[in-house]
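A structural walkthrough
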Amino acid sequence: MAQKRALITGITGQDGSYLAEFLLSKGYKVFGLTRRTSTPNYERIKHIEDQIELIPGDLLDQQSLTYAVSHSKPDEVYNLAAQSFVATSWSQPVLTGEFTALGVTRMLEAIRQVKPDAKFYQASSSEMFGKVEQSPQNEKTPFHPRSPYGVAKVYGHWITINYRESYGLFTISGILFNHESPRRGLEFVTRKISHGIARIHLRQADHISLGNLDAKRDWGFAGDYVKAMWMMLQQNKPSDFVIATGENHSVAEFVTEAFGVIGIKNWEKHVKVSKDLFRPAEVDFLVGDATRAAKILNWKPTVSFPQLVEMMVKADIELLKKNTI
């Protein structure tokens, strides 16, 4: 049997790096799309860089995507690249739309024109549900996005469905709820917490500044979630899936759990709440119902909330120790 080929956009990100590792373990030839920048950040894929082929390209540039598809001749395309930080989407709403919404169309067009038999995965997001009308949220829950990022993701989601229905392409969207790991970017609240607490533990800081401690999310482990992406593309018929743990935790709970890892129970004096870090419009209550994924894909999360928090705090302590020696 011929070796399977996969093209991953956003390969240098958290999900892209875990997915690349996973596909390599399955014997795939892995290609990654990377943007040309003056300071490329390959930190997350450094350990596998010699096993993958990187192709320069940009979701804003149609020609580079068409080239990437024709060069890699993929059986599977995973579109994980986006302007993915919600806070930035408020300060850069137009750019967020270009990357996170129209970038999906450009990639779909490249596939339609060059490799229409390739299977396509679009990274949809629980942020599309936004101001939720029902809990928990499943594949039939209406969308009411509450940020330019959420709005752009809704566009990406529906254009993926449109190409499936209009051109008969094998395109699917995975509606993934928040998923974290030691590879999460430092701007995201979970990593901000784990990294900040590691600094407190090593006496490099005495507090962390956070926004809304009451915001609640459904947090899982990124390594579990990338397996679900792959499982979706192995189905005979394309359809969309919600991937989530089904548990809901507040930022305050994450903080409590994380400080517990370093043995601090009364953490209030180490946390400063800053109104500047609140969102203009908050997502109220996100919790996912992954029943369909459990039934059809036989997928379920393997890492619990306490295990995830502990993994992140311990990884950041080790990282900071290495960097200070």
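The structure contained in this document is the topic of the report that follows. Since the structure is predicted, the reported quantities are computational estimates derived from the model, not experimental observations.

It is worth spelling out the pattern of salt bridges at this point. The full count for this structure, using the stated rule, is 13 salt bridges. In this structure, the salt-bridge partner of E53 is K29, at a minimum N-O distance of 3.8 Å. In this pair, E53 sits in strand 3 (residues 53-56) while K29 sits in strand 2 (residues 29-34), placing the two residues 24 residues apart along the sequence. The exposure class assigned to E53 is partly exposed, which follows from its relative accessible area of 26%. Of the charged contacts, one joins R184 and E180 as a salt bridge, the two residues approaching to 2.8 Å between their closest N and O atoms.

It is worth spelling out the nonpolar core at this point. Core analysis: the largest hydrophobic core is formed by 62 residues, its most contacted members being L23, Y78 and Y121. No other element matches the eight residues that helix 7 (residues 222-233) contributes to this core. Each of two domains, domain 1 (3-177 + 219-241) and domain 2 (184-215 + 247-284 + 303-321), supplies a minimum of three residues to this core. With residues up to four places along the chain from it excluded, the contact list for Y121 reads V77, Y78, N79, L80, I172, G174, L176, M229, M232 and L233. Counting 20 residues, the second largest nonpolar core, distinct from the first, contains L7, V69, V104 and A110.

Pairing in this open sheet of seven strands is parallel, and the strands run 3-2-1-4-5-6-11 from one edge to the other. Both outer strands of the open sheet, strand 3 and strand 11 (241-243), are each paired with one neighbouring strand and no more. Strand-to-strand twist across the sheet, computed as the mean angle between neighbouring axes with direction ignored, equals 25 degrees. In this fold helix 1 (residues 14-25) packs onto strand 1 (5-9), strand 2 and strand 4 (76-79), with an angle of close to 175 degrees to the strand it touches most, strand 1.

To continue, consider the packing of aromatic side chains. Following the criterion strictly, the structure yields 11 aromatic pairs and no others. Taken together, a centroid distance of 5.2 Å and an interplanar angle of 70 degrees make the contact between W219 and F254 edge-to-face. Residue W219 is located in the loop between strand 9 (216-217) and strand 10 (220-221), and its partner F254 is located in helix 8 (residues 251-261); the two are separated by 35 residues in the primary sequence. Overall, W219 belongs to the buried group, its relative accessible area being 4%. Taken together, the ring pairs in this structure connect F129, F143 and F177 into an aromatic cluster. One Lys or Arg, K29, reaches over the ring of F31 and ends 5.2 Å from the middle of that ring. Sitting above the plane of the F241 ring, R292 keeps its charged end 4.4 Å from the centroid.

Turning our eyes to something else, we now look at the layout of surface pockets. For the second largest pocket, the calculated volume is near 440 Å³. For the second largest pocket, the lining is made up of 16 residues, of which E43, P182, R183, R191 and L319 are closest to its centre. In terms of residue count, the dominant contributor to the lining of the second largest pocket is helix 10 (residues 305-324) (five residues). Partitioning the lining of the second largest pocket into residue classes produces five nonpolar, three polar and eight charged. For the lining of the second largest pocket, the domains that each give at least three residues are domain 1 (3-177 + 219-241) and domain 2 (184-215 + 247-284 + 303-321).

Rules and cut-offs
- Residues numbered from 1 in each chain as written.
- Predicted model: local features only at pLDDT ≥ 70, side-chain atom pairs only at ≥ 80, totals over all residues.
- Heavy atoms only, no water.
- Salt bridge = Lys/Arg side-chain N within 4 Å of Asp/Glu carboxyl O.
- Helix = DSSP H or I, 4+ residues; strand = E, 2+ residues; numbered from the N terminus.
- Buried < 20%, exposed > 50% of the residue type's maximum accessible area, 1.4 Å probe, protein only.
- Core = buried A, V, L, I, M, F, W, Y, C linked by side-chain atoms within 4.5 Å.
- Domains from an automatic or database assignment.
- Contact = heavy atoms within 4.5 Å.
- Pairing = 2+ DSSP bridges.
- Axes fitted to C-alpha atoms, helices over the stretch in contact; angles between N-to-C directions.
- Phe/Tyr/Trp six-rings, centres within 6.5 Å; stacked < 30°, edge-to-face > 60°.
- Lys NZ or Arg CZ within 6 Å of the ring centre and 35° of its normal.
- 1 Å grid on protein atoms, 1.4 Å probe; cavity = no way out; pocket = protein on both sides within 12 Å on 5 of 7 lines; lining within 4 Å.
- Points joined across faces, edges and corners; volume = space filled by probe spheres on them.
- Nonpolar A, V, L, I, M, F, W, Y, C, P; charged D, E, K, R; others polar.

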